[in-house]
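Here is how the chains run, residue by residue.
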Amino acid sequence: MTPAEIRNEILDILEDIAPDEDLSGLKDEVAFRDQLELDSMDFLDIVMELRKRHRVQIPEESYGELASMQSTVTYLEPLMKDLQKA
Amino acid sequence: MYDTIIIGAGMSGLAAGIRLTHFDQRVCILERHYTIGGLNSFYRLRGRDYDVGLHAVTNFTPKGTKQGPLARVLKQLRFRWDDFALSPQIGSSIRFPDVELDFGNGLELLCQEIEAKFPAQVDNFQRLLEKLIEYNDLDQAAFESSAREVLCETITDPLLIEMILCPLMWYGNARENDMDYGQFCIMFRSIFMEGLSRPFAGVRLILKNLVRRFRELGGELKLRSGVRQIRSEDGRVVGVELDDGTLVEGRNVLSSAGQVETLRLCDDITDVDDRNTGQLSFVESVSVLDCEPKQLGHDRTIVFYNDSERFHWQVPKDELCDIRTGVICSPNNFAYDAGDGCLPDGVMRVTSIANHRKWSELAENDYELEKLRWYDQVMESAVRYVPDFRKHIVDTDMFTPKTIRRFTFHDNGAVYGAKEKVFDGTTHLKNLFLCGTDQGFVGIIGSIVSGISIANQHCLRN
Ligand SMILES: Cc1cc2nc3c(=O)[nH]c(=O)nc-3n(C[C@H](O)[C@H](O)[C@H](O)COP(=O)(O)OP(=O)(O)OC[C@H]3O[C@@H](n4cnc5c(N)ncnc54)[C@H](O)[C@@H]3O)c2cc1C
């Protein structure tokens, strides 16, 4: 998957977790927490959705990498680059 | 072999089931009754639809609100706000002998009412609100401290204390007389700071959404499948035995049957200490009217009444019911969407405290007679606080603690479960967990939160 595809995938997960959120104005470099009202349960869900959809395992000590869209894509790129987009 | 077996298809069991199947677990919900819903089920009688429990869904926040239990429940279960189709209350009231406090969703009206009726307590009430904000960080000891004590430290008019406690105890207090301070904070937020609501179609809408989702995700629901024993080996559950003798195996078991009730099912315990079982149960008297309550001059959604200055929250000792206090709910008095139209009938529901043991000791004939007798007394008591609607009654139904016990299998027909909650949901068996009422959260939204958080904490970690 390319970084753009990973980004789309994360957007898809966010849409799934928070269907009433408007994601169109999401800023990639700003923390999710500051624009989306995600709590710790939601972050856990991003991790679980990645595991469910792509078998990507994210260890607990790396949860901090998922703070913003930018950092998430950067973190996931090496883990997901060999995956085919479904 | 299931990943998780869930005992009970009430709100908490169904919510847990959705979380687990969403993350690809094989899940089976086992329910002893022939229908879903547990303490908040629904039924049909003489051509009309009734809800068992639903007065109001608490924790109401408008569409777009991103914080609070309702938003969290929707997100965790992947529902949209519109799926629950909640319409807000019109306005409710706490009525004591000479004072009445109206409140709506959000604190505004309540604050105005306190200013008008308890002007000397305005600052004290603000101090209480400031304290309440800290409830998220309460440890277990602080959680279990006395709500009455905290209230006495802030509010100096005993009548206002009783009036604040009345609705909060009615909607979620498993202890007699006093309330855990933590539980007080939770109920204060869910009723006064957030608010009350109802789906036009009643609780069946919520339940049908939950069960449909669970099934779409591949979950299995087995009705008429009571669990009679939880089998264990070396401190771990290996499976459960159903009432018909079938064995079902699972890696984890999540039970919403209640704490003491669940322990009683375990094959490794012979003597269950049942001092923790809940005692508080209700009679619910439902009256169908030939007109809308509004046409009789009654526009309140819920009226919490109490006929003396002191609010008594305890199981009656010598009588079948205690009708000094009660809750009067008018399902018609919610602000439904114009497109919904009106409910088919006018309805007034009155809840009163009742004694399970006394109701269950009655012989069949006496039981029916007492129901009639108490229905009349409950009405007599209620119409002191709302316009007399008795001439407009066209049908009635009444259920008692015995009914609640018979259809939910909770000891004493206790509605808010055990006195001491098991917050971490663990038991003496490593892979047996409690969810629902006895884990700590009560009410519709509360029990859904409970199912979700126990599933997350104990069944979804690898
Ligand atoms: C009269 C009344 C009015 C209420 N009003 C409101 C209200 O207005 N607003 C609100 O939010 N809440 C209200 N409640 C409270 C609310 O209904 C409950 O807090 C909530 O439904 C509890 O859900 P639960 O999943 O924890 O438990 P339950 O609903 O009790 O679920 C447990 C399930 O387990 C099943 N079970 C038990 N033992 C076994 C076994 N051995 N094998 C298989 N299955 C078993 C039971 O049949 C039951 O279906 C009311 C309740 C009542 C009774």
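Residue and element names in this part refer to chain B. The N-to-C vectors of helix α8 (residues 158–170) and helix α9 (residues 181–194) enclose an angle of 90 degrees; their axes lie 9 Å apart at closest approach. Of the possible angle classes, the one that applies to α8 and α9 is roughly perpendicular. For the pair α8 and α9, contact is made by Ile164, Leu165, Pro167 and Leu168 and by Phe184, Met187, Phe188, Ile191 and Phe192, respectively. Residue composition of the contact of α8 with α9, grouped by class: nine nonpolar, no polar and no charged.

Turning our eyes to something else, we now look at the pattern of salt bridges. One pass over the full model with this rule turns up 46 salt bridges over all chains. The salt bridge involving Arg53 of chain A is made with Asp12 of chain A; its shortest N-O contact spans 3.2 Å. Residue Arg53 of chain A is located in helix α3 (residues 40–54), and its partner Asp12 of chain A is located in helix α1 (residues 3–17); the two are separated by 41 residues in the primary sequence. The closest approach of N and O atoms between Glu241 of chain B and Arg228 of chain B, which form a salt bridge, is 2.5 Å. One end of the pair, Glu241 of chain B, is in strand β11 (residues 236–242); the other, Arg228 of chain B, is in strand β10 (residues 227–233), and 13 residues separate them in sequence. Taking the relative accessible area as the measure of exposure, Glu241 of chain B reaches 10% and is therefore buried. Connected through shared salt-bridge partners, Glu9, Asp12, Asp16, Asp45, Glu49 and Arg53 of chain A together with Arg19 and Arg78 of chain B make up one network.

All right, on to the interface of chain B and chain A then. Counting residues at the interface gives 18 residues for chain B, matched by 18 residues for chain A. On the chain B side of the interface with chain A, the three residues burying the most area are Lys66, Lys75 and Arg78 of chain B, jointly 34% of the side's total. Notably, a salt bridge pairs Asp45 of chain A with Arg78 of chain B, separated by 2.8 Å at the nearest N-O pair. Here chain B and chain A share 10 residue pairs in polar contact (both at pLDDT 80 or more) between them. Listed by contribution, the elements that provide at least two residues to the side of chain B that touches chain A are α1 (11–22), α2 (69–77) and α15 (443–459) of chain B. Per-class residue counts for the side of chain B that touches chain A are five nonpolar, six polar and seven charged.

What follows covers helix α4 (residues 108–117) of chain B. All names here are of chain B. By the burial criterion, the buried members of α4 are Leu110, Glu113 and Ile114. One side of α4 carries all its buried residues, which in axial view fall inside an arc of 100 degrees. Of the residues in α4, the exposed ones pointing more than 90 degrees away from the buried face are Glu108, Glu115 and Ala116. Elements in contact with the buried residues of α4: β7 (100–103), α5 (122–132), α8 and α9.

This brings us to unusual backbone geometry. Apart from glycine, the bulk of residues carry a negative phi angle, and the bulk of peptide bonds sit in the trans form. Residue and element names in this part refer to chain B. With a phi angle near 70 degrees, Asp24 is a residue other than glycine that sits in the positive phi range. Note that Asp24 resides in the loop between α1 and β2 (27–30). A residue is classified by how much of its surface remains accessible, and Asp24, at 46% relative accessible area, is partly exposed. One non-glycine residue, Arg224, adopts positive backbone phi at about 50 degrees. Relative to the elements of secondary structure, Arg224 occurs in the loop between β9 (220–222) and β10.

To continue, consider the packing of aromatic side chains. Residues and elements named next belong to chain B. Following the criterion strictly, the structure yields 20 aromatic pairs over all chains and no others. Both rings, one in Phe143 and one in Phe423, keep their centres 4.7 Å apart while their planes meet at 70 degrees; by these two values the pair is edge-to-face. Residue Phe143 is found in helix α6 (residues 140–143), and its partner Phe423 is found in the loop between α14 (401–408) and β18 (432–434); the two are separated by 280 residues along the sequence. Given a relative accessible area of 11%, Phe143 falls into the buried group.

Residues and elements named next belong to chain B. The strand order across the open sheet formed by seven strands is β7-β6-β14-β15-β16-β13-β17, and the pairing between neighbours is mixed. In the strand order of this sheet, the two ends are held by β7 and β17 (393–399), each with one partner. Within this sheet the neighbouring strands show an average axis-to-axis angle of 20 degrees, counted without direction. Bridge count between strand β6 (residues 92–95) and β7: four bridges; the pairing is antiparallel. Each bridged residue has a counterpart across the sheet, and for Arg95 the counterpart in β7 is Glu100.

Further remarks concern the confidence of the model for chain B. Per-residue confidence for chain B gives a mean pLDDT of 96; residues scoring 70 or more make up 100%. For this predicted complex, the interface confidence score (ipTM) comes to 0.86, while the overall pTM stands at 0.95.

All names here are of chain B. As a matter of local geometry, the ligand sits amid 35 residues, with Ser12, Glu31, Asn40, Gly53 and His410 nearest to it. Backbone polar atom of Gly443 to an oxygen atom of the ligand: 2.8 Å apart, as the coordinates give it. When the ligand is considered free in solution it has 1,000 Å² of accessible area, and contact with the protein chains removes 98% of it. Of all the elements in the fold, those that place two or more residues in the shell around the ligand are α1, α14 and α15. In terms of residue count, α15 provides more of the shell around the ligand than any other element does, three residues in total. Here the shell around the ligand is composed, by residue class, of 16 nonpolar, 16 polar and three charged.

Once that is clear, we can look at a negative patch on the surface. All names here are of chain B. Negative charge collects at one region of the surface, where Glu233, Asp234, Asp267 and Asp268 lie side by side. The topology assignment puts Asp267 in the loop between α11 (259–265) and β13 (281–289). For Asp267, a relative accessible area of 33% corresponds to the partly exposed category.

Below, the discussion takes up the nonpolar core. If you look at the biggest cluster of nonpolar residues, it comprises 60 residues, and the most contacted ones within it are Ile164, Trp170, Tyr171, Phe184, Phe188 and Phe192 of chain B. Among the secondary structure elements, those contributing two or more residues to this core are β7, α4, α5, α7 (147–154), α8, α9, β14 (302–306) and β15 (321–329) of chain B. No other element matches the 10 residues that α8 of chain B contributes to this core. With sequence-adjacent residues up to four places away left out, Phe184 of chain B is seen in contact with Leu128, Leu132, Ala147, Leu151, Ile164, Leu165, Leu168 and Met179 of chain B. Counting residues in hydrophobic clusters, the runner-up holds 45 residues, among them Met48 of chain A together with Leu77, Leu254 and Val449 of chain B.

Let us now look at the side chain of Asp180 of chain B. All names here are of chain B. Relative to the helices and strands, Asp180 resides in the loop between α8 and α9. Given the relative accessible area of 8%, Asp180 is considered buried. Side-chain polar atoms of Asp180 contact the side chain of Arg175, separated by 2.7 Å. Excluding residues within four positions of it along the chain, Asp180 makes contact with Phe143, Glu144, Ser145, Ala147 and Arg175.

So, how was this worked out
Residues numbered from 1 in each chain as written. Chains lettered and ligands numbered in written order. Predicted model: local features only at pLDDT ≥ 70, side-chain atom pairs only at ≥ 80, totals over all residues. Heavy atoms only, no water. Axes fitted to C-alpha atoms, helices over the stretch in contact; angles between N-to-C directions. Helix = DSSP H or I, 4+ residues; strand = E, 2+ residues; numbered from the N terminus. Parallel < 35°, antiparallel > 145°, perpendicular 65-115°, else oblique. Contact = heavy atoms within 4.5 Å. Nonpolar A, V, L, I, M, F, W, Y, C, P; charged D, E, K, R; others polar. Salt bridge = Lys/Arg side-chain N within 4 Å of Asp/Glu carboxyl O. Buried < 20%, exposed > 50% of the residue type's maximum accessible area, 1.4 Å probe, protein only. Buried area = accessible area lost by both parts, 1.4 Å probe. Polar contact = N/O pair within 3.5 Å; in protein donor to acceptor, adjacent residues only side chain to side chain. Arc of directions from axis to C-beta. Phe/Tyr/Trp six-rings, centres within 6.5 Å; stacked < 30°, edge-to-face > 60°. Pairing = 2+ DSSP bridges. pLDDT = per-residue confidence, 0-100. Near = heavy atom within 4 Å. Areas by Shrake-Rupley, 256 points an atom, 1.4 Å probe, with all protein chains shown as cover. Patch = residues over 30% accessible without salt bridge, like charges linked within 9 Å, V, L, I, M, F, W, Y side chains within 5 Å. Lys, Arg positive; Asp, Glu negative; His and termini not counted. Charge placed at Lys NZ, Arg CZ, Asp CG, Glu CD. Core = buried A, V, L, I, M, F, W, Y, C linked by side-chain atoms within 4.5 Å.

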